[in-house]
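A closer look at the structure
Chain residues, written in single-letter form:
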Amino acid sequence: DLEGNLEGSLDEGKGTDDSSTAGVNDDSAAEGDGLSPGEKSRLVLQLEELDKKSSTKRKKSSTSTKVQQMLLKSKAKGDKKRVPKMQDRFFAEVFAVSDNSCEIAVLCDGLKVFMAYNDQVERLIEDHVPIPDNESARLVLIPQSDGQSLQPLDLATTFRGAERQGKLCNFAKIIIFFRTEP
């Protein structure tokens, strides 16, 4: 389930500026995001619905960010033998959705994982996310602090590189979007 609100900040003060983001509702968004205007609007609606479901399941609490991060660390799945040191781990909450041009299906909802900082984003998908059989394309999208835009992230980027570029921060929410053939 979604923890937090998509309208909230990923991590206070660590979001990217709006000039570099691809707006989800903006039809003139950067061509590099790979989503059609119809896909963008369906994805936003699905994410808003998931967010509403999670807020009705849980009472809003005043749990501090540090406590939330500690909970994510304790529940995160990953290869402890490959990444034994905590300081070498990148933690994330992953949401995977697929779109077959009719509707958006949720493949995983709030999966808590850790990867090595030097891993490429592609490895996160291969190791932890159920991949649809009829997949034709995949995109990695990062919710921005305005709650209405998603920034695409290159699959070959390492988590350390994305963090240095200001595109991603540790304990981020990551959306994997699979385009599938009907």
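Details of the structure are given in the entry above.
All of these numbers come straight from a predicted model, not from anything done at the bench.

1. Focus: the nonpolar core
Leu124, Val140, Phe159, Leu168, Ile174 and Ile176 are the most contacted members of the largest nonpolar core, which totals 23 residues. At the level of secondary structure, the elements contributing two or more residues to this core comprise β2 (89-99), β3 (104-116), α3 (121-128), β4 (135-143), α4 (159-164) and β6 (172-180). Filtering out sequence-adjacent residues up to four positions away, Ile174 remains in contact with Phe90, Ala92, Glu93, Val94, Phe95, Leu124, Val140, Leu141, Ile142, Phe159 and Leu168. Judged by nonpolar contacts, the second largest core, of eleven residues, contains Leu43, Phe95, Ile104 and Leu141.

2. Focus on the environment of Val83
Structurally, the position occupied by Val83 is in the loop between α2 (65-75) and β2. Expressed as a C-alpha distance, the spacing of Val83 and Met115, which sit 32 residues apart in the sequence, is 7.4 Å. When sequence neighbours within four positions are dropped, the list of residues in contact with Val83 reads Asp88, Arg89, Phe114, Met115 and Ala116.

3. A closer look at the environment of Leu72
Its place among the elements puts Leu72 in helix α2. Overall, Leu72 belongs to the buried group, its relative accessible area being 8%. Sequence spacing of Leu72 and Val113 is 41 residues, and the spatial spacing of their C-alpha atoms is 8.2 Å. Apart from the residues within four sequence positions on either side, Leu72 is in contact with Phe91, Ala92, Glu93, Lys112 and Phe171.

4. With respect to unusual backbone geometry
The phi dihedral of Phe171 is positive, around 70°, even though this residue is not glycine. Position of Phe171 relative to the elements: it lies in the loop between α4 and β6. Exposure remark for Phe171: the relative accessible area of 18% places this residue in the buried category.

5. Here's the deal with the pattern of salt bridges
Applying the stated criterion across every chain, the model contains six salt bridges. Between Asp119 and Arg82 there is a salt bridge, with the nearest N and O atoms lying 2.6 Å from each other. Taken together, the residues Asp119 in the loop between β3 and α3 and Arg82 in the loop between α2 and β2 connect sequence positions 37 residues apart. Given the relative accessible area of 31%, Arg82 is considered partly exposed. Between Arg138 and Glu126 there is a salt bridge, with its nearest N and O atoms 2.9 Å apart. Taken together, the residues span a long stretch of sequence, with Arg138 in strand β4 and Glu126 in helix α3 at a distance of twelve residues.

6. Quick word on the packing of aromatic side chains
For the coordinates displayed, the defined rule picks out four aromatic pairs. Taking the centre distance of 5.8 Å and the plane angle of 50° together, the rings of Phe91 and Phe114 count as tilted. A residue pair is termed long-range when its members are at least 10 positions apart, and Phe91 in strand β2 and Phe114 in strand β3 qualify at 23 residues. Taking relative accessible area as the criterion, Phe91 reaches 1% and is therefore assigned buried. Ring centres 5.5 Å apart and planes at 5° place the aromatic pair Phe91 and Phe171 in the stacked group.

7. Thoughts on the pairing of β2
Among the eleven residues of β2, eleven are classified as buried, and the element is accordingly described as predominantly covered. Burial along β2 is two-sided: the residues Arg89, Phe91, Glu93, Phe95, Val97 and Asp99 and Phe90, Ala92, Val94, Ala96 and Ser98 are all buried. The pairing of β2 with β3 spans eleven bridges and is classified as antiparallel. Each bridged residue has a counterpart across the sheet, and for Ala92 the counterpart in β3 is Val113.

Definitions and cut-offs
- Within every chain, residues take consecutive numbers counted from 1 along the sequence as written.
- Per-residue local features of the predicted model are confined to residues with pLDDT of at least 70, and side-chain atom pairs are confined, for both listing and counting, to 80 or more; whole-chain, interface and lining totals are unaffected and use all residues.
- Computation of side-chain values covers all heavy atoms of the structure but excludes hydrogens and water.
- Note on terminology: a nonpolar core comprises buried Ala, Val, Leu, Ile, Met, Phe, Trp, Tyr and Cys residues joined through side-chain atoms within 4.5 Å.
- Burial status follows relative accessibility: with a 1.4 Å probe on protein chains alone, a residue under 20% of its type maximum counts as buried, one over 50% as exposed, and anything between as partly exposed.
- Starting at the N terminus, helices and strands are each numbered in turn, a helix being any DSSP run of H or I of at least four residues and a strand any DSSP run of E of at least two.
- Note on definitions: a residue-residue contact is assigned when non-hydrogen atoms from the two residues lie within 4.5 Å.
- By salt bridge we mean one thing: a side-chain nitrogen of Lys or Arg within 4 Å of a carboxyl oxygen of Asp or Glu.
- Only Phe, Tyr and Trp rings are paired, with Trp represented by its six-membered ring, and only when their centres lie within 6.5 Å; those with planes under 30 degrees apart are stacked, over 60 edge-to-face, the remainder tilted.
- For two strands to pair, DSSP has to find at least two bridges joining them.

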